[in-house]
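A look at the structure
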Amino acid sequence: MGYFSAFGISASGLTAQRLRMDIISQNIANVNTTRTESGDPYRRKVVTFEEKTGGDFASYLEDASAGGYDAGGGVRVASVVEDQSPFKEVYDPGNPDADENGIVKQPNVDVVTEMVNMISASRAYEANVTALNASKAMAAKALEIGK
Amino acid sequence: MAVNGISAVTQMVASLPATGTAGAADGADFGQILANALEEINTQQLNSAKMTDDFVTGKTDSIHEVMIAAEEASISLQLAMEVRNKVLDAYQEIMRMSL
């Protein structure tokens, strides 16, 4: 069933974009979190992806010698790292988290950037669904050969 | 001469059992292939039902995995139906041959 590897690739893309969307939602929800467990304000999280290879070398060699081509296994989340850019400093002496100078460190989350990333993740999700529907339509058309 | 014609027919009859056994051997392999394919289709159907149950009870929240498993099971079943139709057509074609 060669078509189902195409489904698996699109499925990994959908999972990756959903995780990216979850990270973006986490960043937006914590845009004003000035205190976390470690005492610092909330640091913006960033997720990085990497290509998931189709398998080990033996299966790749077997596919290549049989005439097939291994397109890969989709995408995988490489890591979820924290953005190390500096915190925003705001003068707000009335805040309980202000230091002796009245300066409060706010999280380094820029809502506009997160909204743009959210649109990008949402469009990438839709693109993956379109690719999956195209693969499904190809499989259905192949079944019509026998009709 | 009529005797030559009969000898030709008896030669044909003698060769029939050989093809009959060959046909039976191919049928055993084909039956195994069919059984394996049906087993795989059944596994996919069960997997799809299990994933739907997991999603409904809340054990997993990836809805696209559920939908993809359902689509795979549906396509496998359609493929099995098409193959069955082809096999039935071939069988009926052979049975239609007047002897």
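Note that the structure is a prediction, hence the values are computed from the model and not measured.

Okay, the confidence of the model for chain B next. As a note on interpretation, predicted positions should not be read in detail where pLDDT is low. Residues and elements named next belong to chain B. Taken over all residues, the pLDDT of chain B has a mean of 79, while the share at 70 or more is 72%. Within the model, pLDDT remains below 50 along residues 18–25, and this stretch shows zero contacts once partners closer than five positions in the same chain are excluded. In the predicted assembly, ipTM is 0.73 and pTM is 0.74.

The end-to-end C-alpha distance of helix α3 (residues 111–143) of chain A is 48 Å, a good match for the 48 Å that 33 residues give at a rise of 1.5 Å each. Every buried residue of α3 of chain A is accounted for by Glu 114, Ala 121, Asn 128, Leu 132, Ser 135, Ala 139 and Leu 143 of chain A.

Take the interface of chain A and chain B next. Taken together, the contact between chain A and chain B spans 14 residues of the former and 15 residues of the latter. Between chain A and chain B the total buried area reaches about 1,300 Å² when both faces are included, carbon and sulfur atoms providing 67% of it. Across the contact surface, chain A and chain B share one salt bridge. Across the chain A-chain B interface, the total number found is one residue pair in polar contact (both at pLDDT 80 or more). When residues of the side of chain A that touches chain B are traced back to their parent elements, those giving at least two are α1 (3–29) and α3 of chain A. For the side of chain A that touches chain B, the element with the most residues is α1 of chain A, which contributes six residues. The class makeup of the residues in the side of chain A that touches chain B is nine nonpolar, two polar and three charged.

The subject of this paragraph is the environment of Gln 45 of chain B. Residue and element names in this part refer to chain B. Relative to the elements of secondary structure, Gln 45 occurs in helix α1 (residues 2–57). Considered as a pair, Gln 45 and Ser 76 are 31 residues apart in the sequence and their alpha carbons are 9.0 Å apart. Sequence-distant contacts of Gln 45, defined by excluding residues within four places in its chain, comprise Ala 73 and Leu 77.

Residues and elements named next belong to chain B. One can find Ser 48 in helix α1. Of the residues examined, Ser 48 reaches a relative accessible area of 11% and is grouped as buried. Excluding anything up to four places from it in sequence, Ser 48 contacts Ala 69, Ala 70 and Ala 73.

This part is about the pattern of salt bridges. Two side chains that carry opposite charge are able to pair once their charged atoms sit near each other. Residues and elements named next belong to chain A. Counted by the stated rule, this structure contains 10 salt bridges over all chains. Note that Arg 76 is salt-bridged to Glu 50, the shortest N-O span being 2.6 Å. Within this pair, whereas Arg 76 is found in strand β2 (residues 74–82), its partner Glu 50 is found in strand β1 (residues 45–52), the two being separated by 26 residues in sequence. A relative accessible area of 39% places Arg 76 in the partly exposed class. According to the relative accessible area criterion, Glu 50 is partly exposed, its value standing at 34%. One salt bridge in this structure joins Glu 126 and Arg 123, with 3.1 Å as the shortest N-O distance. With Glu 126 and Arg 123 both in helix α3, this residue pair falls three residues apart, about one helical turn. Assessed through its relative accessible area of 43%, Glu 126 is described here as partly exposed. Through salt bridges that share partners, Arg 44, Asp 83 and Glu 114 make up one connected network.

Okay, the pairing of strand β4 (residues 103–106) of chain A next. Residue and element names in this part refer to chain A. Here β4 shows a clear split, with Val 104 and Gln 106 buried on one side and none of Ile 103 and Lys 105 buried on the other. Of the strand pairs in this sheet, strand β3 (residues 88–91) and β4 are connected by four bridges, and their pairing is antiparallel. Note on β4: the bridge partner recorded for Glu 89 is Lys 105.

Let's shift gears to the layout of surface pockets. Residues and elements named next belong to chain B. Estimated volume of the largest pocket: approximately 340 Å³. For the largest pocket, the lining is made up of 16 residues, of which Leu 34, Ala 37, Leu 38, Ala 80 and Val 83 are closest to its centre. Put simply, the parts of the chain that give the lining of the largest pocket at least two residues each are α1 and α2 (63–96). Among the residues forming the lining of the largest pocket, the class breakdown is 13 nonpolar, one polar and two charged.

Rules behind the numbers
- Counting from 1, residues in each chain are numbered in the order their sequence is written.
- Key to labels: chains lettered from A, ligands numbered from 1, both in the order written.
- pLDDT decides what is reported in this predicted model: residues at 70 or higher carry local features, side-chain atom pairs at 80 or more are listed and counted, and totals for whole chains, interfaces and linings draw on all residues regardless.
- The side-chain quantities take in all heavy atoms of the structure and omit both hydrogens and water.
- Residue-level confidence of the predictor is summarised by pLDDT, bounded by 0 at the bottom and 100 at the top.
- Residues are treated as being in contact if the distance between any of their heavy atoms lies within 4.5 Å.
- Note on conventions: DSSP H or I runs of at least 4 residues are helices, E runs of at least 2 residues are strands, and numbering of each starts at the N terminus.
- The span one expects for a helix is its residue count, reduced by one, times 1.5 Å.
- Exposure classes here rest on a 1.4 Å probe applied to the protein chains alone. A residue is buried below 20% of its type maximum, exposed above 50%, and partly exposed in between.
- Here's the idea: put two parts together, see how much 1.4 Å probe accessible area each one loses, and the total over both is what we call buried area.
- Note on definitions: salt bridges are taken to be side-chain nitrogens of Lys or Arg within 4 Å of carboxyl oxygens of Asp or Glu.
- Think of a polar contact as two N or O atoms within 3.5 Å of one another; within protein, one of them needs to be a possible hydrogen donor and the other a possible acceptor, and neighboring residues in sequence only count if both atoms come from side chains.
- Each residue gets one of three labels, nonpolar for Ala, Val, Leu, Ile, Met, Phe, Trp, Tyr, Cys and Pro, charged for Asp, Glu, Lys and Arg, and polar for the others, Gly among them.
- Two strands qualify as a pair provided that DSSP identifies no fewer than 2 bridges between them.
- Here the term cavity refers to a set of points on a 1 Å grid, laid over the protein atoms alone, in which a 1.4 Å probe fits but cannot get out; the term pocket refers to an open set having protein on both sides within 12 Å along at least five of seven lines, with lining residues being those that place an atom within 4 Å of a point.
- Grid points are joined across faces, edges and corners, and a volume is the space filled by probe spheres set on the points.

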